[in-house]
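Survey of secondary and tertiary structure
These are the residues of each chain, in order.
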Amino acid sequence: MMYALYLSAYHERKFWFSNRQELEREITFQGDSAIYYSYYKDMLKAPSFERGVYELTHNNKTVSLKTINAVQQMSLYPELIASVLYQATGSNEIIEPVYFYIGIVFGLQGIYVTALFVTSWLMSGTWLAGMLTVAWFIINRVDTTRIEYSIPLRENWALPYFACQVAALTGYLKSNLNTYGERFCYLLMSASTYTFMMMWEYSHYLLFLQAISLFLLDSFSLEQSDKVHEVYKIYIFSLFLGYLLQFENSALLVSPLLSLVVALMLAKCLQVKKGTFIAKIMKVINFYLVCTLTVTLNIIMKMFVPHKEHGHMLKFLEVKFGLNMTKNFTMNWLLCQESLQAPSRAFFLRLTQSSVLPFYTLVLIICFFSMLQVIFRRINGKSLKETVTLEDGRIGERPEIIYHVIHTILLGSLAMVIEGLKYLWTPYVCMLAAFGVCSPELWMTLFKWLRLRTVHPVLLALILSMAVPTIIGLSLWKEFFPRLMTELTELQEFYDPDTVELMTWIKRQAPVAAVFAGSPQLMGAIKLCTGWMVTSLPLYNDDDLLKRNENIYQIYSKRSAEDIYKILTSYKTNYLIVEDAICNEVGTTRGCRVKDLLDIANGHVVCEEGDKLTYSKYGRFCHEVKINYSPYVNYFTRVYWNRSYFVYKINTVISFQS
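Every chain begins its residue count from 1, and numbering advances along the sequence as written. Note on the predicted model: pLDDT of at least 70 is required for a residue's local features to be given, and 80 or more for side-chain atom pairs to be given and counted; whole-chain, interface and lining totals, by contrast, use all residues. Only hydrogens and water are set aside; all other atoms, that is, all heavy atoms of the structure, feed into the side-chain values.

The line we're drawing: UniProt positions are given in the numbering used here, feature names are shortened, and annotations may be inferred rather than shown by experiment.
Under an unreviewed UniProt entry, the name given to the protein is Dpy-19 like 4, and the source organism is Equus caballus. The record in UniProt for the protein states the following under Subcellular location (unreviewed entry): "Membrane". We quote the UniProt Sequence similarities (unreviewed entry) comment for the protein here in full: "Belongs to the dpy-19 family."

So, in C-alpha cells, the structure goes:
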C-alpha cells in the first residue's frame, strides 16, 4: 500500500496533476497509452456496458476506412473491468474517472511488489529478504518498471498477476508444503495464470519460457512429475478458456506454449520407472521427443488454424540478429527504438551502484553450480534426500530454487539482446539477490565448498544471513532514501501549451466527421483528447496499421505534393498535421531520424556500397508545404499553426495556380 501511495504522490508531483484541466491531464498519456485510456472514456460514455462493448468490438470511429475489434486487437479487458468497477461501486460520485483508472494501476503495482516480497520470503524463510527485494525494486524502478513513463501499458496491468503466479508456483513446488497450502497455491496459480493471459497479448510467450523451466526441472527429476504436470494442465485450461473469451483468438492456438505442453503430455506416456538404466536412456529420448514434437505440432497448428501471421516480427528478428539486411522504413525505425536495442552500459552501472547486480551474480553462481552437483548426482544414480537440512549445504536440491535459476537465466538471456525485456528480468534479479543473501542455506553451501573449519559453518551462515542484508539495507537507506524523499518534495511541471492549443482548436473548429493524419504518437493524443477519427495509431502488432504509419510518414520525405495528396486522400483524410519537431529533427543519432529512414527507404541516399542513388527533384515536403507556393497551395491550405504544429486542410477541389 505504501508503494502504491508513493507512486501516486510521485505522479502528482511530476505532472502537478490535481491542478490541471482535463485536457492537460489527458495530454500526459503519450503514444499507445492515450489509445487505451480513450477507450476507457468511451466505455464510461456508453449508455450501457453491453452497448459499450459492442461499439468497441465493431469500432469504425477510430481509424478511417477500417472497422476493428478493439477489445481483441488491443487487449482492452483492463479498460472493460475498470469501467465496470467505476460505475458499479458508485465511484462516479466520489472520484474522477482518471484518478480511479490510474489508482487501479498503482494498486496493482503494490500487489506486484507484495508478490515479489512473498516469493523471496518463501524461498529464504525470512521477511528480511522480502524487505530487501522491495527496496532494490523501488531504488532501481527505472529498470524494473515503466509505470512512471506510461501508466496504461498492458504490462503494467499484467505483470502483477504474473508475479502472483510465480509466488504461488514457488510455494507449490516446495517439498514440505501441507495439503491445504498446496491447494491454496494451486488455486491462486490457476486464477493468476488465466488473468495474466487475458491482460496481455504477449503473455503466452512469457509462460512459454516458464514452461521450458518446468520441463527442465522435471527432466532432471528434481521434483515429482505430478506437480509439474498439474501446472501444464493449468496452461491448457487457461489457453482454451482464453481462446473462447478472446473472440476465438487463434494466436493462442498457434502459440509455442500450447505446442510444448501438448508435446510434454504425450511424452509423459513413454516415461519409464526411475532408477533403471533404461530410464536414463529414455530421459535423453524423451528430451529429444519433446523438442521434435513441439516444433512439429506448432507447424501443423499453423497449417490448419487460420491465424494472422506477424510477418514484421519475424523480419525484425532476422535483421536484429544480422541474418538479413533491409531498407524498409518500418524495420529500420523499430531497430532504432531504444527499447529494442541491446542494453546500455548505463543499465549495468545503475544495477551495480545499487549493489543488486554483484549480489545477484554471486547468488546465481552458487545456486547454478549447486544445481549442477545435484544433476550429476542424479545421473550417477544417487537418490535425493527427502528433507534437506541446513547442515547439508545443498541449496541446489530445492526444486523451487532450481526453477528460479533456470527461469532467471532464460529471462536474462533475452534482456541481454533487447533492452525493453529488462522489465521482465530485473524484478527477479532483485528477488533472487535478496533471497540469496538472506538464506543460511546459500551461505552453508558456499562454506561446504570452501571446507571452512575455523568457525562453525552453521553458526557463521546464520550470522551472515542476518548481518549481510542488514548492512546492505542500512547502506541503501543512507544513500538512496534521501533521493526518494527529494523526488516527492520537488514539484515538477509538465508544460506543453502548443499541444493544448492544437487540441483546443480541433475541438472548436474542425468538423465532427473530420479525419486527421500525422505521426502515430500525435494521432493517439488526438483520439483521446478530441475523439476525432485518425488515419493511423501508435500500435505495432498489426501489419495494416504499420503500412499506414509508413505511408503517412511520407509527409517528411522528398516526395511531390501530388504523391502526398494521393496518399492522404486514399485514407479519406481531411486535415494534415506537420510536426516541426520531426521535420527539423536534429537530436537523435544520424541515420535514425524519421527523415533519414525515409530517404533510405525511398532510395534518395546511398546507405551501402553498390546501391543506386535515386535523385529526387522535390524538396522535403514538410519544408516545402510551409512556403505556400504552387503546386503545394493547390492541394493544401494552411488553416492553423503555432510553434510546434502546422495544420493543413486537404483541398477537395484542386485549383492550379502559376
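Remarks on the layout of surface pockets
Quick reminder of the rule: Whether a set of points on the 1 Å grid over the protein atoms alone is a cavity depends on a 1.4 Å probe fitting there but being unable to get out, while an open set qualifies as a pocket with protein on both sides within 12 Å along at least five of seven lines; lining residues are those with an atom within 4 Å of a point. Grid points are joined across faces, edges and corners, and a volume is the space filled by probe spheres set on the points. For helices the rule is a DSSP run of H or I covering at least 4 residues; for strands it is a run of E covering at least 2, with both sets numbered from the N terminus onward. Three residue categories are used. Nonpolar comprises Ala, Val, Leu, Ile, Met, Phe, Trp, Tyr, Cys and Pro, charged comprises Asp, Glu, Lys and Arg, and polar comprises the others, including Gly.
Counted as a void, the second largest pocket has a volume near 970 Å³. As for the second largest pocket, its lining consists of 29 residues, and the residues nearest its centre are Met131, Val134, Ala135, Ile138 and Trp477. Put simply, the parts of the chain that give the lining of the second largest pocket at least two residues each are helix 1 (2-15), helix 7 (97-124), helix 8 (127-139) and helix 24 (457-489). The element best represented in the lining of the second largest pocket is helix 24, accounting for 11 residues. Classifying every residue of the lining of the second largest pocket gives 25 nonpolar, four polar and no charged.

Observations concerning the packing of aromatic side chains
Defined as follows: Classification of ring pairs uses Phe, Tyr and Trp, with its six-membered ring standing for Trp, and accepts pairs whose centres are within 6.5 Å; under 30 degrees between planes counts as stacked, over 60 as edge-to-face, and the remaining range as tilted. Per-residue accessibility, obtained with a 1.4 Å probe over protein chains only, is compared with the maximum for each type, and a residue is labelled buried under 20%, exposed over 50%, and partly exposed between these values.
Counting across every chain of the model gives 36 aromatic pairs. Taking 5.1 Å as the distance between ring centres and 35° as the angle between the ring planes, the aromatic pair formed by Phe162 and Phe196 counts as tilted. Of this pair, Phe162 sits in helix 10 (residues 154-173) while Phe196 is found in helix 11 (residues 179-199), placing the two residues 34 residues apart along the sequence. Judged by relative accessible area, which is 2%, Phe162 ranks as buried. Overall, the relative accessible area of 0% leaves Phe196 in the buried class. Considering the side-chain rings of Trp477 and Phe481, the 4.2 Å spacing of their centres and the 5° angle between planes classify their relative orientation as stacked. Residue Trp477 and its partner Phe481 are located together in helix 24, separated by four residues, close to a single helical turn. What makes Phe481 partly exposed here is its relative accessible area of 30%.

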